[in-house]
Amino acid sequence: MLTITWLRMIMSGKFVPREQVDLGYADLRARIEYLEQANTTKDQTIAEQASQIAKLTAQGDLSVRMLESITAYGTNARSGSGHVASAE
């Protein structure tokens, strides 16, 4: 009979006081909160880095287009066409 009583107390959660169980879970709750905050901070950092990469890519594309236009202009110029001063 005593075994059945102990088994019922264990199964119903009355064997260990609720305060003691809550203390055991307090560390886990604190760790979960810390990890959630760290995850939020990481997400914000990734979003900021993605924005910076997009801006740098746009600037790089503009630079490439400018260099290509300068190169294209230089290949269309003919020697002695008036675009270059004569050596005389």
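Above: the structure in question.
Everything numeric in this text was worked out from a predicted model, so none of it was measured.

Bringing the overall build of the protein chain into the picture now. Scanning the protein chain from N- to C-terminus turns up two helices and zero strands. Taking all 88 residues of the protein chain together, 0% fall into the buried category. Here the protein chain has roughly 8500 Å² of accessible surface; of this, 60% comes from carbon and sulfur atoms.

What follows covers a nonpolar patch on the surface. Judged by side-chain polarity, Leu2, Trp6, Leu7, Met9, Ile10, Met11, Phe15 and Val16 come together as a nonpolar surface patch covering roughly 810 Å² of accessible area. Mapped onto the fold, Met11 is located in helix α1 (residues 2–12).

Criteria and cut-off values
- Residues numbered from 1 in each chain as written.
- Predicted model: local features only at pLDDT ≥ 70, side-chain atom pairs only at ≥ 80, totals over all residues.
- Heavy atoms only, no water.
- Helix = DSSP H or I, 4+ residues; strand = E, 2+ residues; numbered from the N terminus.
- Buried < 20%, exposed > 50% of the residue type's maximum accessible area, 1.4 Å probe, protein only.
- Areas by Shrake-Rupley, 256 points an atom, 1.4 Å probe, with all protein chains shown as cover.
- Patch = residues over 30% accessible without salt bridge, like charges linked within 9 Å, V, L, I, M, F, W, Y side chains within 5 Å.
- Salt bridge = Lys/Arg side-chain N within 4 Å of Asp/Glu carboxyl O.

All we've got here are geometric facts, nothing functional implied.
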